[in-house]
Amino acid sequence: ESDETTLAADSPWRDQIFRQPFAAGFQPRQRFDLILMLDVLDHLPAPAGALEHARSLLTQGERIMITVPALNALWNTHDDVNHNYIRNDRRSFRTLAKTAGVDLLSLKYFFHWTCPIKLMIRLKEQFVTTNPQPPKIPRQFINRLCLALSYAEQLLVKPLQLPFGSSLLAVAK
């Protein structure tokens, strides 16, 4: 974790968290069979270097699972508040992976159902200036609705491999 302010002072896990940017200085004692980089690369000024370093921490032939925000057309103040550097499309992510020396096994868009919502937010922000604020945790019924929409999307839309979504999911080695 590069931002120490995000760690709770009383967390029992605090001493086990590497509190520096993810870079060559992070050298754990063992290699990993799976590394998850879930919405990580979009927050880094040099994502290719971080992805290359993650690859170097894998055991032979194992995997990295990566999610990143997708499509610059969906950029809104939420991206600004979260200090995102970029949103990727398939082409830009393939370039990133090639630069990092990782082999992509799969690359697909997901969260298709959120695209119209994000486009409406972006359109609204073109006309109405707001003071961006960190999002609050939604009420439980909103979270359940979002989960249900995500499950429905996986059942109904997954076979179609739609060329858009608000996130990209990559599996690499």
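Check the entry above for the structure.
Cut-offs applied
Residues numbered from 1 in each chain as written. Predicted model: local features only at pLDDT ≥ 70, side-chain atom pairs only at ≥ 80, totals over all residues. Heavy atoms only, no water. Helix = DSSP H or I, 4+ residues; strand = E, 2+ residues; numbered from the N terminus. Buried < 20%, exposed > 50% of the residue type's maximum accessible area, 1.4 Å probe, protein only. Contact = heavy atoms within 4.5 Å. Areas by Shrake-Rupley, 256 points an atom, 1.4 Å probe, with all protein chains shown as cover. Lys, Arg positive; Asp, Glu negative; His and termini not counted. Charge placed at Lys NZ, Arg CZ, Asp CG, Glu CD. Phe/Tyr/Trp six-rings, centres within 6.5 Å; stacked < 30°, edge-to-face > 60°. Pairing = 2+ DSSP bridges. Right-handed = clockwise from strand over helix to strand, strands pointing away.

Engineer: What is the right way to read the overall build of the protein from this model?
Structural biologist: Regarding its fold elements, the protein presents 5 helices and 4 strands. Going from the N terminus to the C terminus, the protein shows its helices and strands as β-α-β-α-α-β-α-α-β. Structurally, the protein occupies a C-alpha span of about 50 × 40 × 30 Å along its principal axes. A total of 173 residues make up the protein; the buried ones form 30% of that total. Pairs at least 24 residues apart make up 77% of the contacts formed inside the protein by residues separated by at least 6 positions. Accessible surface for the protein amounts to roughly 11600 Å². Of this, 59% is attributable to carbon and sulfur atoms. Averaging the locations of the 20 positively and 16 negatively charged side chains of the protein gives two centres separated by 6 Å.

Engineer: Is there a simple way to explain the packing of aromatic side chains in this structure?
Structural biologist: Two numbers describe a pair of aromatic rings. These are the distance of the centres and the angle of the planes. Scanning the model with the defined rule gives 1 aromatic pair in all. Arranged with centres 4.6 Å apart and planes meeting at 40 degrees, the rings of Phe-110 and Phe-111 form a pair that is tilted. In this structure Phe-110 comes out as buried when scored by relative accessible area, which is 16%. For Phe-111, a relative accessible area of 30% translates into the label partly exposed.

Engineer: Whenever I open this one, the pairing of strand S1 (residues 32-38) confuses me. Can you help?
Structural biologist: Across a regular strand the side chains alternate sides, sitting on one face of the sheet and then on the other. Of the strand pairs in this sheet, S1 and strand S2 (residues 58-69) are connected by 6 bridges, and their pairing is parallel. The partner of Leu-34 across the bridge, within S2, is Arg-63. With helix H1 (residues 47-56) bridging S1 and the parallel S2, this β-α-β connection has right-handed handedness.

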